[in-house]
Amino acid sequence: MIKLCKLCKELFAYREMIFSLVRKDLRGRYKGSVLGFLWTFINPLFQLIIYTIAFSFILPSAIDKYYLYLFVALIPWIFFSSSLQGGANSVMASQNLVTKIYFPREILPISYVTSCFVNMLLTFVIIFLVVLISGVGLNPLAILCLPVVMLIEYMIALGLALLFSAVTVFFRDMEHILSIVTMAWIYMTPVLYPIEMISDSDIQKLFYLNPMTSVIVAYRDILYYAEIPDFSTLLIALFFGVTSLILGELVFSGLKKRFAEVM
Amino acid sequence: MTNPENAIEVRNVRKKFRIFYDRSNDLKDRILFRNRNHYEDRWVLNGISFSVKKGEAIGLVGHNGCGKSTTLKLLTKILYPDQGSIEMQGRVSSLIELGAGFHPDMTGRENIYTNASIFGLTRKEIEKRIEEIIQFSELEEFIDNPVRTYSSGMYMRLAFSVAIHVDAKILLIDEILAVGDANFQKKCFDKLREIKSHGTTIVIVSHALGQIEQICETSYWIENGLIRESGIPKLVHDHYLQHMEDKRTEQLEKQHREEHGQEQEDQNPENSDSGKPELPSFCEKTAIRMGTQQVIFTDAQLQDQKHQKQYIFDTEQEIKIFLQYHAENAENLNLKGNFGYGIFREDGLHCYGTNIVIETGDYIPIQENGELEITFRNSLLPAKYFLDIAVHSHDGVIYDDIRRVLSFVVSSAKQDIGVCRLQTEFSWR
């Protein structure tokens, strides 16, 4: 516990490093391109336009406004999966820093996940616009729940990123294993289809053991159905988020002292 | 901290590295060869203890791989000790990796923010220092250009400038003062002194012993993971240099012995080509022999004052050139001759030359089998040298002249530079 307090204090002292790494990541991504930072918006916008066309003409779906149905789940999912994959690689990717200079190592996964998170927030500007234009409308009460859902998702993503970024240093195959896991995980989560499609209620319960299920369902409730999400399932997700954070940090702090030796 | 005045306390620190013969991180090998021990533990530090008072500077010296950089990395908290403990007070900044986290596409100014934040500075703290950092780096006109457009010197100047403005209580430095041109190096060095005078504790790892002597109160000579000697830098360094020199000469002697042994094998009298005067076994392989051979050298040796054959001499040492010659029928012919020697440095510099006529004003009679001893006090500085010997007749005929007949090495622990040592005294009022 004392250790955790010390870590939090240190992370606070190093907050500018987190900000600057996030900034570097976000700005560095489109640096040199003519449109620059605008790409952060253009990318998802065109993604949405393509989905709209595809699912209206080529693959018409039974779900009303399927493009929106998909989009409000897909954006949070992309945040999660890129945090997991890129986050797991975040310590390895900063080898030159880790072997040469001291800073709290937790900063690497934290800033990576945070930059993915900020990227998602920026994309939400497009989501809000589309939600308004498409006539679904925003439920102010439901929107108030959105930060809670986002926070829970952030905790899950960060916990897993901490865990796997430390493990990847010692076991490099983790990176490739994780890319397969996330590939499968998207189908174990109702991102592309509604949860109701799983007719067997026992299997549906099994699906809810996956914390991302309740997170994605909550996003959809808020943005697509304009309803207040189901808090009982969100509690499971919250529990999972806290557990993964604690477990992730335990593993990370146990392994971090030897990072520089094996890199 | 046992002593509150200390900034750093290192107690009995041991560190080992696991050396893998075949590092394998994949699952297959892990499972298949789980029981295979294909690594060895190498102890790099075997129990190092020292403490540094606040505002003091220390230097760590030692040959490559002795553990000094590991010690510095332990202080930086990049590595952690396997045994023992390290305590430090205050913010630590390290000049180990300059320009950590620089992004080539970002401007110098943006990179100052990133780089400084890695040292744990907050935005406010950076803003307070940024003007000073830019000014120190002398990059005012370029500061808003992307760093990829910088020359490597500019890059290092910017990086050094950030690292030194962190206002750390403890500054760790690994071989840094090789930054930029001579002017900037001097500036860096002055800045270090200034920082130190403000109470910053400094630990330097360097092979530039002179720099350590200029700034540090104490120097630690680390060898094989242990502190071999500590104390006033100059004294420690003299011992260290002497030790290094001894090791080097040992190496040279070995090399010389090997070469010489080979030469003797090569000197098979049957195979030596005729035509040119043959090279006797006492000569270096690269020797060149000229002359009428009416008088011939039959042996040449370099000896110390005790008449022991030597190859390595100290700068202040007495050197004897011992020569033997043979001249057929010399007494009957009443031959007179002039013997001389010359010394050339390996790079061809003619260091010295003289002969009997110059020294004594007269020729000497040549015996049928004669010996000659030349003694001089060496004042040449460390390098490899070649000896030329010659004997001429009184009317200028070259009897025998062997260029590069012998080679020798001069060593010295003193760090003076040049060609030879001028006996120097300083006095001041």
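Note that the structure is a prediction, hence the values are computed from the model and not measured.

## Quick look at the layout of surface pockets
All names here are of chain A.
Then, number 1: Approximately 420 Å³ is the volume attributed to the second largest pocket.
Then, number 2: Around the second largest pocket, the lining is made up of 20 residues, and of these Leu21, Lys24, Asp25, Ser94 and Tyr112 lie nearest the centre.
Then, number 3: Those elements giving two or more residues to the lining of the second largest pocket turn out to be α2 (15-29), α5 (90-93), α6 (95-98) and α7 (107-133).
Then, number 4: Ranked by the residues each element gives to the lining of the second largest pocket, the list is headed by α2, at six residues.
Then, number 5: When its residues are assigned to classes, the lining of the second largest pocket shows seven nonpolar, ten polar and three charged.

## Looking at the domain arrangement of chain B
Then, number 1: On domain assignment, one finds that chain B holds domain 1 (6-243) and domain 2 (279-411).
Then, number 2: The straight-line distance from the C-alpha centre of domain 1 of chain B to that of domain 2 of chain B is 52 Å.

## Regarding the sheet that holds strand β17 (residues 369-377) of chain B
All names here are of chain B.
Then, number 1: Across the sheet, which stays open at both edges, the three strands sit in the order β11-β13-β17 with antiparallel pairing between neighbours. Only two strands of the sheet have a single partner each, and these edge strands are β11 (295-303) and β17. Averaged over all neighbouring strand pairs, the angle between strand axes comes to 20 degrees, with direction disregarded.

## Here we look at a nonpolar patch on the surface
Then, number 1: Taken together, the side chains of Leu45(A), Phe46(A), Ile49(A), Ile50(A), Ile53(A), Phe57(A), Ile58(A) and Leu59(A) make up a nonpolar region of the molecular surface, amounting to roughly 850 Å² of accessible area.
Then, number 2: Tracing the backbone shows Ile49(A) in helix α3 (residues 39-58).

## Focus on the packing of aromatic side chains
Then, number 1: This structure, assessed with the given rule, holds 24 aromatic pairs over all chains.
Then, number 2: Ring plane angle 70 degrees and centroid distance 6.4 Å describe the contact between Trp77(A) and Trp185(A), whose orientation is recorded as edge-to-face. Remark: Trp185(A) occurs in helix α9 (residues 174-188) and Trp77(A) occurs in helix α4 (residues 66-88); sequence separation between them is 108 residues. Take Trp77(A) and Trp185(A): they sit in the same class, and that class is buried.
Then, number 3: Ring plane angle 80 degrees and centroid distance 6.3 Å describe the contact between Phe160(B) and Phe184(B), whose orientation is recorded as edge-to-face.

## Some remarks on the interface of chain A and chain B
Then, number 1: Contact residues are listed per partner, giving 27 residues for chain A and 32 residues for chain B.
Then, number 2: Approximately 2800 Å² of surface area, both sides summed, lies buried where chain A meets chain B, with 58% of it carried by carbon and sulfur atoms.
Then, number 3: Applying the counting rule to chain A against chain B returns two salt bridges.
Then, number 4: Between Lys15(B) and Glu261(A) there is a salt bridge, with the nearest N and O atoms lying 2.5 Å from each other.
Then, number 5: The interface formed by chain A and chain B contains three residue pairs in polar contact (both at pLDDT 80 or more).
Then, number 6: Mapped by element, the contributors of at least two residues to the side of chain A that touches chain B are α2, α6 and α13 (259-262) of chain A.
Then, number 7: Ranked by residues supplied to the side of chain A that touches chain B, first place goes to α2(A) with eight residues.

What counts and what doesn't
Residues numbered from 1 in each chain as written. Chains lettered and ligands numbered in written order. Predicted model: local features only at pLDDT ≥ 70, side-chain atom pairs only at ≥ 80, totals over all residues. Heavy atoms only, no water. 1 Å grid on protein atoms, 1.4 Å probe; cavity = no way out; pocket = protein on both sides within 12 Å on 5 of 7 lines; lining within 4 Å. Points joined across faces, edges and corners; volume = space filled by probe spheres on them. Helix = DSSP H or I, 4+ residues; strand = E, 2+ residues; numbered from the N terminus. Nonpolar A, V, L, I, M, F, W, Y, C, P; charged D, E, K, R; others polar. Domains from an automatic or database assignment. Pairing = 2+ DSSP bridges. Axes fitted to C-alpha atoms, helices over the stretch in contact; angles between N-to-C directions. Patch = residues over 30% accessible without salt bridge, like charges linked within 9 Å, V, L, I, M, F, W, Y side chains within 5 Å. Areas by Shrake-Rupley, 256 points an atom, 1.4 Å probe, with all protein chains shown as cover. Salt bridge = Lys/Arg side-chain N within 4 Å of Asp/Glu carboxyl O. Phe/Tyr/Trp six-rings, centres within 6.5 Å; stacked < 30°, edge-to-face > 60°. Buried < 20%, exposed > 50% of the residue type's maximum accessible area, 1.4 Å probe, protein only. Contact = heavy atoms within 4.5 Å. Buried area = accessible area lost by both parts, 1.4 Å probe. Polar contact = N/O pair within 3.5 Å; in protein donor to acceptor, adjacent residues only side chain to side chain.

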